[in-house]
Amino acid sequence: MNIQKVMVIGAGQMGSGIAQVCAMAGYDVKLHDLKQEYLDRGFSTITKNLTRQVDKGRMSEDDKAAILGRLTPSLDLQNASDVDLVIEAAVENMDIKTKLFSQLDEIAPQNAILATNTSSLPITEIAAATKRPEKVIGMHFMNPVPVMKLVEIIRGLATADEVYQVIEDMTKTLNKVPVEVNDFPGFVSNRILMPMINEAIYTLYEGVATKEAIDEVMKLGMNHPMGPLTLADFIGLDTCLYIMETLHEGFGDDKYRPCPLLRKYVKAGWLGKKSGRGFYTYEG
């Protein structure tokens, strides 16, 4: 199976990053979203990233123009009718994803692979919304996509070996490192990361230390590039809560119970960097 045309669904932070690395690797990419303003924002982010690479001397203006030339905006899901691969990077919500995959199953060519960038939801359940579960797979990129090397590749119960191999090989062409993971809630990355963040929030909630002290301990003592509370703000506290709830429900184990302080912040609309306030406050 030869992948040449890719559709990325969702022009947000993850989707625009995935579209960028695919275009940089030579694929023709359709970047799809529901509204023109979302697409404009996504294309603006990609252009800004590429301009930075030109300024640093890592690529030429011609390279930048060629990459942007391989990107096409899409507001109509029917544009998936001639692609070889769809990578879905929509909101982390099972109802939305299963509805999307059911529609894509009708629109995309029969041999097309349908991938999801979900960070915690079961691939098998998403695949069950289609008549091609053997061609459904997880491709969990890390944020920020152009910088981070890891892609967790998650097999659903029915994912075919050939499909896994195609996606593993394609991931390498993106200059990423594919790691095979089985279909459990949170996979590997978030099953380990999110309870650590949740525990840091409990540490703050119980008054063990200030937020600054907690972050400093993990940075200086554990050599983490940023503290867990800062990282939570960058991920989005609503996303952290959703993943913790997915882990809690998926495993039925109270060690994954979200901290009440996390719930309180999300209810207050303090979602982290994107809302201007989380554990820390952000200007602009």
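Residues numbered from 1 in each chain as written. Predicted model: local features only at pLDDT ≥ 70, side-chain atom pairs only at ≥ 80, totals over all residues. Heavy atoms only, no water.

Under an unreviewed UniProt entry, the protein chain has the name 3-hydroxybutyryl-CoA dehydrogenase and belongs to Bacillus timonensis. A UniProt comment under Sequence similarities (unreviewed entry) is attached to the protein chain, and it reads "Belongs to the 3-hydroxyacyl-CoA dehydrogenase family." The UniProt entry for the protein chain carries the following text under Pathway (unreviewed entry): "Lipid metabolism; butanoate metabolism." (UniProt positions renumbered as here; feature names shortened; annotations may be inferred.)

**Details of the pattern of salt bridges**
According to the stated counting rule, one finds 14 salt bridges in the structure shown. Residues participating in the shared-partner salt-bridge network are Lys-5, Lys-30 and Asp-82. (Salt bridge = Lys/Arg side-chain N within 4 Å of Asp/Glu carboxyl O.)

**Quick look at the sheet that holds strand S5 (residues 113-116)**
Spatial strand order, S3-S2-S1-S4-S5-S6-S7-S8: eight strands in an open sheet with mixed pairing. The open sheet terminates on both sides in strands that have one partner only, identified here as strand S3 (71-74) and strand S8 (177-181). Neighbour to neighbour, the strand axes of the sheet diverge by 25° on average, direction disregarded. Against the sheet, helix H4 (residues 94-107) makes contact with strand S1 (5-9), strand S4 (85-88), S5 and strand S6 (136-141), and its axis sits at roughly 165° relative to S5, the strand it touches most. (Pairing = 2+ DSSP bridges. Helix = DSSP H or I, 4+ residues; strand = E, 2+ residues; numbered from the N terminus. Axes fitted to C-alpha atoms, helices over the stretch in contact; angles between N-to-C directions. Contact = heavy atoms within 4.5 Å.)

**Here we look at the packing of helix H7 (residues 189-205) against helix H9 (residues 228-235)**
Two elements in contact, H7 and H9, have axes separated by 9 Å at closest approach and are oriented at 115°. Once H7 is placed against H9, the crossing between them reads as left-handed. For the pair H7 and H9, contact is made by Leu-193, Met-194, Met-196, Ile-197, Ala-200, Ile-201 and Leu-204 and by Pro-228, Leu-229, Leu-231, Ala-232 and Ile-235, respectively. Residues that form the contact of H7 with H9 fall into these classes: 12 nonpolar, no polar and no charged. (Left-handed = near helix turned anticlockwise from the far one by under 90°. Nonpolar A, V, L, I, M, F, W, Y, C, P; charged D, E, K, R; others polar.)

**Regarding the domain arrangement of the protein chain**
Partitioning the protein chain into domains gives domain 1 (5-182) and domain 2 (190-273). Placing the centre of domain 1 and that of domain 2 at their C-alpha centroids yields a distance of 27 Å. Contact with domain 1, which involves seven residues of that partner, is made by four residues of domain 2. The junction of domain 1 with domain 2 conceals about 460 Å² of combined surface from both sides, 51% of it contributed by carbon and sulfur atoms. Looking at the side of domain 1 facing domain 2, the largest losses of area belong to Glu-92, Ser-119 and Ser-120, adding up to 64% of the total buried there. The interface formed by domain 1 and domain 2 holds zero salt bridges in total. Summed over the shared surface of domain 1 and domain 2, the number is two residue pairs in polar contact (both at pLDDT 80 or more). (Domains from an automatic or database assignment. Buried area = accessible area lost by both parts, 1.4 Å probe. Polar contact = N/O pair within 3.5 Å; in protein donor to acceptor, adjacent residues only side chain to side chain.)

**Side note on the side chain of Asp-84**
Structurally, Asp-84 can be placed in the loop between S3 and S4. Among the polar contacts listed, one links the side chain of Asp-84 to the backbone nitrogen of Lys-5, at a separation of 2.9 Å. Setting aside chain neighbours within four positions, we find Asp-84 in contact with Asn-2, Ile-3, Gln-4, Lys-5, Ala-112 and Ile-113.

**Describing the nonpolar core**
As a rule of thumb, nonpolar side chains are buried together in soluble globular proteins. One finds Val-6, Cys-22, Leu-85, Ile-87, Phe-141 and Met-170 to be the most contacted residues of the largest nonpolar core, which totals 38 residues. Sorting elements by how many residues they give to this core places helix H1 (residues 13-24) first, with six residues. If sequence neighbours within four positions are ignored, Ile-87 has contacts with Val-6, Met-7, Val-8, Ile-9, Ile-18, Cys-22, Ala-115, Met-139 and Phe-141. (Core = buried A, V, L, I, M, F, W, Y, C linked by side-chain atoms within 4.5 Å. Buried < 20%, exposed > 50% of the residue type's maximum accessible area, 1.4 Å probe, protein only.)

**A few points about the pairing of S1**
Judged by how many residues are buried, S1 sits mostly within the fold: four of five residues are covered. Here S1 pairs with strand S2 (residues 28-32) via five bridges, running parallel. Looking at the pairing, Lys-5 lines up with Asp-28 of S2. In this fold, the crossover linking S1 to S2 by way of H1 has right-handed handedness. Pairing analysis gives four bridges linking S1 to S4, with the strands arranged parallel. Pairing of Val-6 across the sheet is with Leu-85, part of S4. (Right-handed = clockwise from strand over helix to strand, strands pointing away.)

**A word on the UniProt feature "site: Important for catalytic activity" (unreviewed entry) in the protein chain**
The sites that carry the UniProt feature "site: Important for catalytic activity" (unreviewed entry) are, in the present numbering, His-140. Tracing the sequence through the fold places His-140 in strand S6. Ignoring anything within four residues of it in the chain, the contact list for His-140 reads Thr-116, Asn-117, Thr-118, Ser-119, Leu-150, Val-151, Glu-152, Ile-154, Phe-187, Ser-189 and Asn-190. Polar side-chain contacts of His-140 include one of 2.8 Å to the side chain of Glu-152.

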